[in-house]
Amino acid sequence: MSKARPADLSAPRRAFPGGVGAWRWALAAAVLTLTLAAFLLTLQAGHDQVRRASRQRLVIAEAVLRAAIDRYQYLPTVLALDTQVQDLLADPDAPGAITAVNAKFEAIARASKVAAIYLMDGQGLTRSASNWNQPLSFVGSSYAYRPYFRDALATGASRYFGVGTTTQQPGLFIGKAVPSPNGPTAGVVVVKVDLEDLQGEWRRAGEQILVSDAAGIVFLASEPGWKYRPFRRLAAADTSRIRAAQQYGDSDLRPLLEDGRVDLGETIRLPAGGRTASGLVEPIAMPDLGWTLWYVAPTGPALRQAILVAAATGIAGLALAFALVAASQRRQRLRSEQSMRIALERRVAERTHDLSDANARLRAEISERERATAALRATQDELIHAGRLAALGQISTAINHEINQPLAALRTFLASTTVFLERGDESTVRRNLQRMTEVTQRIAEIIRHLKDFARKTGPGHSEPVRLAATAEAALDLLRVRLRAEDVTVTCAIPADALVRAEPVRLEQVLLNLMVNALDAMRGASERRLDLTARREPASCWQLVVADSGSGISPEHMPQIFDPFFTTKPAGEGLGLGLSLSSLIVRDLGGSLTAGNGARGAVLTLVLPAAEA
Ligand code: ADP
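Residues numbered from 1 in each chain as written. Predicted model: local features only at pLDDT ≥ 70, side-chain atom pairs only at ≥ 80, totals over all residues. Heavy atoms only, no water.

Student: Break down the packing of helix α13 (residues 503-520) against helix α14 (residues 577-587) for me, citing the residues and quoting the values.
Tutor: Where α13 contacts α14, the two axes come as close as 10 Å, and the packing angle between them is 145 degrees. Relative to α14, the crossing made by α13 is left-handed. Seen from α13, the contacting residues are Arg 505, Gln 508, Val 509, Asn 512, Leu 513 and Asn 516; seen from α14, they are Gly 577, Leu 578, Ser 581, Ile 584, Val 585 and Asp 587. Its residues placed into classes, the contact of α13 with α14 shows five nonpolar, five polar and two charged. (Axes fitted to C-alpha atoms, helices over the stretch in contact; angles between N-to-C directions. Helix = DSSP H or I, 4+ residues; strand = E, 2+ residues; numbered from the N terminus. Left-handed = near helix turned anticlockwise from the far one by under 90°. Contact = heavy atoms within 4.5 Å. Nonpolar A, V, L, I, M, F, W, Y, C, P; charged D, E, K, R; others polar.)

Student: Which residues make up the site of the ligand, and what are the values?
Tutor: Near the ligand, the surroundings consist of 18 residues, among which Asn 516, Thr 566, Thr 567, Lys 568 and Gly 575 are the closest. Within the side chain of Asn 516, an N or O atom sits 2.8 Å from an oxygen atom of the ligand. Surface burial for the ligand is 93%, taken as the share of its 530 Å² of free accessible area covered by protein chains. For the shell around the ligand, the secondary-structure elements that each account for two or more residues are α13 and α14. Broken down by element, the shell around the ligand gets its largest block of residues, three residues, from α13. (Near = heavy atom within 4 Å. Polar contact = N/O pair within 3.5 Å; in protein donor to acceptor, adjacent residues only side chain to side chain. Areas by Shrake-Rupley, 256 points an atom, 1.4 Å probe, with all protein chains shown as cover.)

Student: Lay out the confidence of the model for the protein chain in plain terms, naming residues and giving numbers.
Tutor: Mean pLDDT for the protein chain: 86, with 89% of residues reaching 70 or above. In the model, residues 1-18 has pLDDT below 50 throughout and makes 15 contacts with residues more than four positions away in sequence or in other chains. (pLDDT = per-residue confidence, 0-100.)

Student: Give me the lowdown on the UniProt feature "transmembrane region" (unreviewed entry) in the protein chain, citing residues and values where you can.
Tutor: The feature "transmembrane region" (unreviewed entry), as annotated in UniProt, sits at residues 306-327 in this numbering. Secondary structure across residues 306-327 comprises 100% helix and 0% strand; the distance between its end C-alpha atoms is 31 Å. (UniProt positions renumbered as here; feature names shortened; annotations may be inferred.)

Student: Before we move on, can you summarise the sheet that holds strand β6 (residues 208-212) with the specific residues and values?
Tutor: Remark on secondary structure: sheet strands pair via backbone hydrogen bonds, oriented parallel or antiparallel. Reading across the sheet, the six strands line up as β8-β7-β6-β11-β10-β9 and stay open at both edges, with antiparallel pairing between neighbours. Strands with a single pairing partner mark the edges of an open sheet, and in this sheet they are β8 (229-230) and β9 (267-272). Relative to the sheet, helix α7 (residues 196-204) contacts β6 and β7 (217-221), its axis offset from that of β7 by approximately 70 degrees. (Pairing = 2+ DSSP bridges.)

Student: Please provide a residue-by-residue account of the packing of helix α11 (residues 467-477) against α13, values included.
Tutor: At a minimum axis separation of 9 Å, α11 and α13 run at an interaxial angle of 55 degrees. When the axis of α11 is compared with that of α13, the two are oblique. Here α11 runs over α13; the crossing is right-handed. Every residue of α13 that contacts α11 at Leu 467, Thr 470, Ala 471, Ala 473, Ala 474, Leu 475 and Leu 477 is listed here: Pro 503, Leu 506, Glu 507, Leu 510, Leu 511 and Met 514. The residue makeup of the contact of α11 with α13, split by class, is eleven nonpolar, one polar and one charged. (Parallel < 35°, antiparallel > 145°, perpendicular 65-115°, else oblique.)

Student: Requested: an account of the sheet that holds strand β17 (residues 591-596), with residues and values cited.
Tutor: Pairing in this open sheet of five strands is mixed, and the strands run β13-β15-β16-β18-β17 from one edge to the other. Whereas interior strands pair on both sides, the edge strands pair on one side only; in this sheet they are β13 (488-492) and β17. In this sheet, neighbouring strand axes are inclined to one another by 15 degrees on average, regardless of whether the strands run parallel or antiparallel. Here β17 runs beside strand β18 (residues 601-608); their pairing, made up of six bridges, is antiparallel. Paired with Asn 596 across the bridge in β18 is Ala 601. Together, β13, β15 (528-534) and β16 (540-547) form the strand contacts of α11, whose direction differs from that of β15 by roughly 165 degrees. Relative to β17, α14 is tilted by about 135 degrees, and along the sheet it contacts β17 and β18.

Student: Give a detailed account of the side chain of Ser 548, specifying residues and quantitative values.
Tutor: Note that Ser 548 resides in the loop between β16 and α14. Of the polar contacts made by the side chain of Ser 548, one reaches the backbone oxygen of Glu 526; its length is 2.8 Å. Reaching out from Ser 548, the side chain makes a polar contact with the backbone nitrogen of Arg 528 at a distance of 2.9 Å. Excluding residues that lie within four positions of it along the chain, Ser 548 makes contacts with Met 521, Ala 524, Glu 526, Arg 527, Arg 528, Arg 599 and Gly 600.

Student: Describe the nonpolar core, naming the residues involved and giving the relevant values.
Tutor: In globular proteins that are soluble, nonpolar side chains generally tend to be buried together. Among the nonpolar cores identified, the biggest contains 50 residues, and Leu 65, Ile 117, Leu 195 and Trp 291 are the most heavily contacted of them. Ranked by the residues each element gives to this core, the list is headed by helix α2 (residues 19-70), at six residues. Contacts of Leu 65, omitting those with residues within four sequence positions, involve Leu 195, Leu 198, Val 211, Leu 220, Met 286, Trp 291 and Leu 293. Ranked by size, the runner-up nonpolar core spans 43 residues in total, among them Leu 513, Met 521, Val 545 and Leu 592. (Core = buried A, V, L, I, M, F, W, Y, C linked by side-chain atoms within 4.5 Å. Buried < 20%, exposed > 50% of the residue type's maximum accessible area, 1.4 Å probe, protein only.)

Student: An account of the pairing of strand β5 (residues 185-193) is requested, with residue identities and associated values reported.
Tutor: The side chains of a regular strand alternate, first on one face of the sheet and then on the other. Burial analysis of β5 places eight of its nine residues in the buried class, which makes it a mostly covered element. Looking at chain direction, strand β1 (residues 116-121) and β5 are connected through six bridges and run antiparallel. Looking at β5, one finds that Ile 117 is bridged to Val 191. With eight bridges connecting them, strand β4 (residues 170-179) and β5 associate as antiparallel partners. The partner of Ile 174 across the bridge, within β5, is Val 191. From the end of β4 to the start of β5, which pair antiparallel, there are five residues.

Student: So what's going on with α14? Residues and values would help.
Tutor: Inspection of α14 places Leu 578, Ser 579, Leu 580, Ser 581, Ser 582, Ile 584 and Val 585 among the buried residues, and these make up the whole buried set. Following α14 by one or two positions, Gly 589 has its phi on the positive side, about 90 degrees.

Student: Now, about the pattern of salt bridges: what can you tell me, with residues and values included?
Tutor: For the structure shown, the criterion picks out 25 salt bridges. For Glu 62, the salt bridge goes to Arg 66, with nearest N and O atoms at 3.3 Å. Here the residue Glu 62 and the residue Arg 66 both occupy positions in helix α2, the gap between them amounting to four residues, near one helical turn. With a relative accessible area of 16%, Glu 62 lands in the buried category. Here Arg 505 makes a salt bridge to Asp 587, at a shortest N to O gap of 3.8 Å. Separated by 82 residues along the polypeptide, Arg 505 in helix α13 and Asp 587 in helix α14 bring together distant segments of the chain. Taken together, the shared-partner salt bridges connect Arg 481, Glu 485, Asp 519, Arg 522 and Lys 568 into one network. (Salt bridge = Lys/Arg side-chain N within 4 Å of Asp/Glu carboxyl O.)

Student: Run through the packing of aromatic side chains, naming residues and quoting values.
Tutor: Inspection of the entire model under this criterion finds eleven aromatic pairs. Judged by centre distance (6.5 Å) and plane angle (85 degrees), the rings of Phe 161 and Trp 291 are edge-to-face. Linking Phe 161 in strand β3 (residues 157-163) with Trp 291 in strand β11 (residues 291-297), this pair joins segments that are 130 residues apart in sequence. Classification of Phe 161 by relative accessible area gives buried; the value is 3%. Members of the aromatic cluster, joined through ring pairs, are Tyr 118, Phe 138, Tyr 143, Tyr 148, Tyr 160 and Phe 173. Cation over ring: Arg 146 sits above Phe 173, and NZ or CZ is 5.3 Å from the ring centre. (Phe/Tyr/Trp six-rings, centres within 6.5 Å; stacked < 30°, edge-to-face > 60°. Lys NZ or Arg CZ within 6 Å of the ring centre and 35° of its normal.)

Shown next as structure tokens:
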């Protein structure tokens, strides 16, 4: 039978060239890439959204800032056309002129909520101001060095954001040249607009907004710390120009960004008090003013959203990867289980085939054994029968004598009876007839024994048998020989000794034992045959047949139960008696053993007891 294993058992197939490990690494890399891609894409989308929102906010913030400025744009123009203003410049010493303009400026400033309105002559000296009656009044101060004065003189109008040199208050200075009847310009009227409130609004809205001037200096911001500082370090010329004009008071003009980089659309990190304000920075230019409005949008929410999306993607990817790994492991397990099942089935089939082979062989052996047993049994039956015939032959001479004697006696009785009949001795005739009847009965008895003995009986038919009666019957068959050889027989078998046996077979066994005993005692001086029976063990009867013969020599002892073993001269013994007897006894469920007693041999027969 072939024991070769199938190829798929010894070399499991691999779905991935690098093996299971590489396959898992590839899966892990894919999940990682997916997570990273989800993070970057979501962050990008978030930033785009933040930028769009920033631009919208910037448009609004610019509109608000422009409205705050434009609201007052007309005011210096109107005041420059005012005759009282022009008259004051034409004749500053005219009585009541200054007082009248001061009052006018004060009233207009209060009504329009501007920080200050003032009028400078052609040399920059302030002739009249709305704060004429306040401690920090502009009246008498010269602002000829301020750009809003010079620009207005030069171009007719100016706009300038700066910190007031007198009040230290920042504001937008809107200047307008006052025409003169004698020359082009008599002086400059200025409206200072306070834009500080705008910053408060930005702060309250949580927005980070900055406004820088043309030099890049932040002058309006939602965060106070950012004000009057340039984004990047200023050139020395710019610094000295701004200091000379005192545009931002005594600010040290320290740059906001140490590396000074502000790229459009990039993120920015600005120090804000103790913390850092960071975000995407979006600018919008206000070219007419030379200003730039900056919106700094925090990127925290976009980052958080990107992290969330990446985490969700990662978890989903991991779950998918686990599911894939589990499925692949399950597939692998199923495959190996299937291979094992196939191998097992193959082995079972082989084993079944082997078993059925063995079974067939066993059946053949059994039927062979049965045939042999049947043949053996037939031979045994034949042998038993032959043994019985041998015993018959042995005893027939004695029986012949036993029958001839009664026949002779019968003939004598008949002759004497005839005589007594003629004499008329009726009583003797009757006695003789009685004796003759007894003699014929004796003959009939002997013949019946012989018939029973010679009959071939089938095995296995056992019944309760009286041991004493069977021994008596066997002794009966040997009666002639016992008498001729002058054997003393003692028979101590209790009348209630009942065994389970086949009567004829048991008789054959006893007959064998007795014949052997008689044979052994042939040359002995004393001839005794003792039969004793006792209940031992409790479930059996033990019959001991002891003689006073030669006994069994120790070298013969192991062989006496062998078939055809005999020590008797040729023609006298077949060597079958003991072997057949032990067979019969074993068939009956008993045992037969041999030994030597004080004088001769002792044969012990044990048979199962039967209840009456
Ligand atoms: P056979 O009587 O034909 O020899 P058996 O099987 O009956 O065959 O006996 C075998 C032998 O056992 C006898 O030849 C004899 O030597 C021995 N044997 C049997 N019974 C006795 C006995 N009672 N005393 C002495 N020897 C015996």
